[in-house]
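Understanding the architecture of this molecule
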Amino acid sequence: MKKDDFKINVEKDQLTISTDKKIDAAAEAGAKKYNRKEFNYNSFKRTFTLPESADQADIQAEYTDGVLFVTLAKKEEAKIQVREISVK
């Protein structure tokens, strides 16, 4: 697959990753006694529910060496605040 084959959509709290690929192959014999056609169709669709802490405006995707990486960022208010508490 190529990176252009993938479609990634976000609707409400659902992230959908899908692809549709159709391959047509035709072969003819040298003496033209027969024709052969092959059809191959691949379809893939996955839907994930996003957590409330995910920042839907900051979703990134990268396709490298046959692997699709989807990165979700957390909202600022959802990140854990680390602070030091002094003992009196």
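Let me begin by describing the structure that accompanies this report. (Residues numbered from 1 in each chain as written. Predicted model: local features only at pLDDT ≥ 70, side-chain atom pairs only at ≥ 80, totals over all residues. Heavy atoms only, no water.)

**Details of the overall build of the protein**
Secondary structure summary: the protein contains zero helices and five strands in total. Sequence-ordered secondary structure for the protein, helices as α and strands as β, is β-β-β-β-β. Within the protein, buried positions represent 11% of all 88 residues. The long-range fraction of contacts in the protein, counting pairs at least 24 apart against all pairs at least 6 apart in sequence, stands at 37%. When the accessible surface of the protein is split by element, carbon and sulfur atoms take 47% of a total near 8100 Å². (Helix = DSSP H or I, 4+ residues; strand = E, 2+ residues; numbered from the N terminus. Buried < 20%, exposed > 50% of the residue type's maximum accessible area, 1.4 Å probe, protein only. Contact = heavy atoms within 4.5 Å. Areas by Shrake-Rupley, 256 points an atom, 1.4 Å probe, with all protein chains shown as cover.)

**Things to note about the pairing of strand β5 (residues 67–74)**
Alignment of strand β4 (residues 54–64) against β5, held across eight bridges, turns out to be antiparallel. From the neighbouring strand, Ala61 faces β5, where its bridge partner is Val70. Between β4 and the antiparallel strand that follows it, β5, lie two residues; Asp65 among them carries a positive phi value of about 50 degrees. (Pairing = 2+ DSSP bridges.)

**Focus: the side chain of Asp5**
Summarising the element assignment, Asp5 is placed in the segment before β1 (6–11). A distance of 3.0 Å separates the side chain of Asp5 from the backbone nitrogen of Lys2, its partner in a polar contact. With near-sequence residues (within four places) excluded, Asp5 lies in contact with Ser18, Thr19, Asp20 and Lys21. (Polar contact = N/O pair within 3.5 Å; in protein donor to acceptor, adjacent residues only side chain to side chain.)

**What about the environment of Thr71?**
Mapped onto the elements of the fold, Thr71 is located in strand β5. Taking the C-alpha atoms as reference points, Thr71 and Ala61, separated by ten residues in sequence, lie 6.2 Å from one another. Beyond its immediate stretch of four places on either side in the chain, Thr71 contacts Asp58, Ile59 and Gln60.

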